[in-house]
Amino acid sequence: GNMASSHLHFKTNYAVSSKIEPFYKGGRVQISKDENYIFCTCGSRVNVLEISTGKIVHSVEHDDQEDITCFALSSDDELLVTASRALLLKQWDWRQAQCTRSWRAIHTAPVASMTFDSTSTLLATGGCDGTIKLWDVVKQYCTHNLRGSSGVIQLVQFHPDIDRLQLFSSSMDCSIRIWDLSSSQCVCVLQSHYSAVTSLSFSLDGDTMVSSGRDKICTVWDLKQQKAKRTIPIYEAVEGAVILPENQDFSQIGVKKPKLHFITAGSKGILRVWDPNTARCVFSQTLTGVSDNPRSLTHLLLLPASLRLATVTAEHNIMLYQLPGLTTLQQFVGYSDEVLDVKFLGKDDSHIVVATNSCQLNVFELASNSCQILYGHTDTILSLDVFRKGLLFASCGKDKLVCVWHMAGGSVRCVARGYSHTNAVGAVSCSRMKASFVVSGSLDCTVKVWDLPADLTAAEDNIHQLTPRATEKAHDKDVNSVTVSPNDKLLASASQDRTAKLWSLAGEGSLGLLGVCRGHRRGVWAVCFSPVDQVLATSSADGTTKLWSLQDFSCLKTFEGHDASVLKVIFVSRGTQLLTSGSDGLVKLWTIKTNECVKTLDAHQDKVWGLHGSRRDDKMVTGSADSNITVWEDVTEIEMAEEQAKQEEHILKQQELSNLLQEKKYLKALGLAISLDQPHTVLTVIKAIRQTEDNSELLEKTVLKLRVDQKEALLRFCVAWNTNAKNCQDAQVVLQVLLTHVPPEELLQYQGARTHLEALVPYTERHMQRIGRLLQASMFLNYMWQKMRVVGEPSRAPPLR
């Protein structure tokens, strides 16, 4: 509520204030030794996520844009090596994102696995060609070429005790090979698994190893005798097993004796603790909503110093847990598939809730990027809406469900569910006045009104079952959008059948049809009430947005400008402007009164399904099928304020300039005038200098004291003045100073010097011709005068000087 906003109604522009972009789409994940960073692949990049802030702080990318097949970070966190499809290995100073060296991998097929030894001097690469190469990264040469495995080398790992000089590997034949690096021989083949070996974990003394596999077993190996001690059935495809750190109290997760225990992650999506002596699971993680939601885990990583665990889910989410209790610390969303809807959430729009092409909802805290993942739907969530206070919201999806969620103290839980639609629910809208009901629209062509109980958030653990107060077959085709009017008395629906309809919500148990808006040539994607006028807005696949009168359902205005479907429309600026988003990836800002598009924001690469304005009307958020979410701030006032500040500063500078001229401080005056970047102001100063007593000397002295960039500007201004006969003399005088005293090679270094000098020539020639004519004319005058004096009387005329 500052001065500007009271008389400023129209927005003119939005600027991006933050973005949530994909950073991990599957593949390798590694955590730095200092436990501050997560490294992960994303196409042709390796991204570095800072765990404390949740932000991508570094990113390295192969300049050939080739996908990175594998990478490894050295044990001292200094060296990052990446391998690309083009069989190039690159070594990076990852903090500066600079490639310090690249070399051919010598493999005949892409690198599938790689690892450093504990001294950070040896790098092993396992290829899809069945060979393993070892590289001395200090001396920069290949030290070993290990052959004899069959198929892709999926895993390479050095024995943690460097003195043993052993490398472990596993390939398509499911066996684990131990290589003696002093002899380059495979000294042992450990056989136990029947499918891919996914991880190896070593005990502190280095004599015991646990291997995990997709064959649903883990094997404990005695490395002294090089044979299996025990094979434990895990009953799920295991993607990672980690031996729990020794000398810690893990009684909270079922570890009763201080013997070796390990933890597993895999297709069941939960962490489990195992006692190998009894082959029993002693602890199982409980997660809410898992029954409907198999979310298998693809990686398990131990952060020993801070006693944390990291898991990576098949949906590309990275979760951090604290041992010994396995409490959730942080959740990062590596990749949102297509964003289908996004809304602001929280008291001051502090959060956003996002529906992506999945059955989970993501709630991001905008300040920290940290995310809460909500489970409750069993199929893709299609639409969201938020109640006025911003703590309660509704979602609906392909699972025919309507869910209501409540946010308290930053954490969100499902408080109510409605089940009675017979097909996917594509639209949901919340009551506007107080949180009393929800409206949903479905592919079953019906619209339902669901009453909410008054004590919705009271019961902690039970989820209310909603029943519809009214069900109406509203349209002939899918209902794409529903919206409740600001006073909760009316409802509008929009459909694939090309119409929007207005309904009365007043009657108990039924919806009363008030009218139909006909005029769109294709399906109507979105419908929205004006916050102030008796007007409805619709947007359609025909590329137009229309405004309709609620009195007679006539079309009042049509806005054309998107070259494809308009997917969303919302009112901003107290109902005087519209924002629309399209399948062309654009967001447009329209002023209703003038029918014009005042700004086009080239926001996304694909359909913009999500568009929502903040309650204070100072921000908006967009979400697109390109997987990006963008938060924008209204910069109209900022831009107006900047403009105003510029003008005020300008007035002050003009004032200062006239003071400097009065005080005869010509150098300062000239410098100030040049900084204003206005040719006519600079000209005033030049003219002032030329009106002084010893003008030519003063001009020369002043011009030569200027900095190079100021002289550059002066040359540019001379070109402008020289085009005008009135000012050409000033231009020529300044030019004479520059050409006489600045060496030609220095002049040619000036920006655009050649162009400027060329532009001077034709005008200067014209001025010379004119001066020539003037000279001739003046000589003629002089001659006449002389003649007149001879003929006339003795000179009574005043002497001419």
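Residues numbered from 1 in each chain as written. Predicted model: local features only at pLDDT ≥ 70, side-chain atom pairs only at ≥ 80, totals over all residues. Heavy atoms only, no water.

Per the secondary structure count, the protein includes 9 helices and 57 strands. Relative to a compact globule of 801 residues, whose C-alpha radius of gyration would be 28 Å, the protein shows 38 Å and is clearly more extended. Seen through its C-alpha atoms, the protein measures out along the principal axes to roughly 140 × 85 × 45 Å. Expressed as a percentage of the 801 residues in the protein, the buried residues total 52%. Of the roughly 37100 Å² of accessible surface on the protein, 50% is carried by carbon and sulfur atoms. Distance between charge centres in the protein, computed from 83 positive and 86 negative side chains, equals 3 Å. (Helix = DSSP H or I, 4+ residues; strand = E, 2+ residues; numbered from the N terminus. Rg over C-alpha atoms; globule rule 2.2 N^0.38 Å. Buried < 20%, exposed > 50% of the residue type's maximum accessible area, 1.4 Å probe, protein only. Areas by Shrake-Rupley, 256 points an atom, 1.4 Å probe, with all protein chains shown as cover. Lys, Arg positive; Asp, Glu negative; His and termini not counted. Charge placed at Lys NZ, Arg CZ, Asp CG, Glu CD.)

A side chain with one charge can pair with a side chain of the opposite charge if their charged atoms come near. Under the criterion given, the structure shown has 25 salt bridges. Two residues, E649 and K653, come together in a salt bridge whose shortest N-O distance is 3.8 Å. Residue E649 and its partner K653 are located together in helix α2 (residues 636-662), separated by 4 residues, close to a single helical turn. On the basis of relative accessible area, K653 is assigned to the partly exposed category, the value being 22%. Linking D730 and K687 is a salt bridge whose minimum nitrogen-to-oxygen distance equals 2.8 Å. (Salt bridge = Lys/Arg side-chain N within 4 Å of Asp/Glu carboxyl O.)

Next up on the list: the nonpolar core. Counting residues in each nonpolar core, the largest one holds 35 residues, and the members touching the most others are I674, V682, L714, W721 and V734. Here this core takes 7 residues from helix α6 (residues 708-722), the largest share from any one element. Once residues within four sequence positions are removed from consideration, L714 is found in contact with I674, V682, V703, L706, W721 and V734. Counting residues in hydrophobic clusters, the runner-up holds 31 residues, among them I20, Y321, L326 and I352. (Core = buried A, V, L, I, M, F, W, Y, C linked by side-chain atoms within 4.5 Å. Contact = heavy atoms within 4.5 Å.)

Before going further, it helps to examine the UniProt feature "domain: U3 small nucleolar RNA-associated protein 13 C-terminal" (unreviewed entry) in the protein. Cross-referencing UniProt, the feature "domain: U3 small nucleolar RNA-associated protein 13 C-terminal" (unreviewed entry) maps to residues 654-788 in the present numbering. Summarising residues 654-788: 84% helix, 0% strand, and an end-to-end C-alpha distance of 52 Å. (UniProt positions renumbered as here; feature names shortened; annotations may be inferred.)

Tracing the chain through its elements places T131 in the loop between β11 (122-127) and β12 (132-136). The class of T131 is buried, set by a relative accessible area of 7%. There is a polar contact of 3.1 Å between the side chain of T131 and the side chain of D129. Leaving out residues up to four positions away in the same chain, T131 has contacts with H107, T125, G126, N145, L146, R147 and I153. (Polar contact = N/O pair within 3.5 Å; in protein donor to acceptor, adjacent residues only side chain to side chain.)

Let us now look at the environment of I253. Of note, I253 is situated in the loop between β22 (238-243) and β23 (262-266). Given the relative accessible area of 0%, I253 is considered buried. Not counting chain neighbours up to four residues away, the residues in contact with I253 comprise L244, V273, V282, F283, L323, P324 and L326.

Per the counting criterion, the structure on display carries 8 aromatic pairs. Seen in terms of ring centroids, F393 and W405 are 6.3 Å apart; in terms of plane orientation they differ by 10°. Their pairing is stacked. You can see F393 sitting in strand β35 (residues 392-397) and its partner W405 sitting in strand β36 (residues 402-408), a full 12 residues away along the chain. Of the two residues, F393 and W405, both sit in the buried class. Measuring from centroid to centroid gives 5.2 Å for W525 and W609, while their planes differ by 80°, and the two rings are edge-to-face. A residue pair is termed long-range when its members are at least 10 positions apart, and W525 in strand β47 (residues 524-529) and W609 in strand β55 (residues 608-613) qualify at 84 residues. Counting every residue linked through ring pairs, the aromatic cluster contains Y37, F39 and W94. It is R28 that lies over the ring of F71; its NZ or CZ is 5.4 Å from the centre. The cationic tip of R101 hangs over the ring face of W103; the distance from NZ or CZ to the ring centre is 3.8 Å. (Phe/Tyr/Trp six-rings, centres within 6.5 Å; stacked < 30°, edge-to-face > 60°. Lys NZ or Arg CZ within 6 Å of the ring centre and 35° of its normal.)

On to the packing of helix α3 (residues 666-676) against helix α4 (residues 679-690), then. In a pair of packed helices, the angle between the axes and the distance between the axes together describe the arrangement. It is at 8 Å that the axes of α3 and α4 come closest, and there the two elements cross at 160°. Relative to α4, α3 is oriented roughly antiparallel. With respect to the hand of their crossing, α3 and α4 are arranged in left-handed fashion. Seen from α3, the contacting residues are Y666, A669, L670, A673, I674 and L676; seen from α4, they are T681, V682, V685, I686, A688 and I689. Here the residues of the contact of α3 with α4 sort into 11 nonpolar, 1 polar and no charged. (Axes fitted to C-alpha atoms, helices over the stretch in contact; angles between N-to-C directions. Parallel < 35°, antiparallel > 145°, perpendicular 65-115°, else oblique. Left-handed = near helix turned anticlockwise from the far one by under 90°. Nonpolar A, V, L, I, M, F, W, Y, C, P; charged D, E, K, R; others polar.)

What follows concerns a negative patch on the surface. A cluster of acidic residues, E693, D694, E697 and E700, forms a negative patch on the protein surface. Assignment of secondary structure puts E693 in the loop between α4 and α5 (695-704). (Patch = residues over 30% accessible without salt bridge, like charges linked within 9 Å, V, L, I, M, F, W, Y side chains within 5 Å.)

By convention, interface size is frequently given as the accessible area that disappears when the constituent parts associate. Annotation of the protein at the domain level lists domain 1 (15-247), domain 2 (339-451 + 463-638) and domain 3 (664-780). Taking the mean C-alpha position of each, domain 1 and domain 3 sit 68 Å from one another. (Domains from an automatic or database assignment.)

This brings us to the pairing of strand β33 (residues 371-375). Most of β33 sits inside the fold, with 5 of its 5 residues counted as buried. Side chains C371, I373 and Y375 project from β33 onto one buried face, and the interleaved Q372 and L374 project onto a second face that is buried too. Summarising the sheet, strand β32 (residues 360-365) and β33 pair through 5 bridges and their orientation is antiparallel. Bridging across to β33, N362 finds its partner in I373. If you look at the hairpin formed by β32 and β33, you'll find 5 residues sitting between the two strands, and N369 has a positive phi there, around 65°. (Pairing = 2+ DSSP bridges.)

Along strand β6 (residues 68-73), 5 of the 6 residues are buried, which leaves the element largely enclosed by surrounding structure. Hairpin connection of β6 to strand β7 (residues 80-84): 6 residues between the antiparallel strands, including D77 at a positive phi of 65°.

One open sheet holds the 4 strands; their spatial order is β18-β19-β20-β21, and the pairing between them is antiparallel. Each edge of the sheet is formed by a strand with only one pairing partner; in this case those strands are β18 (197-202) and β21 (227-233). Sheet twist, expressed as the mean angle between neighbouring strand axes with direction ignored, is 20°. Across 5 bridges, β18 lies against strand β19 (residues 208-213) in antiparallel orientation.

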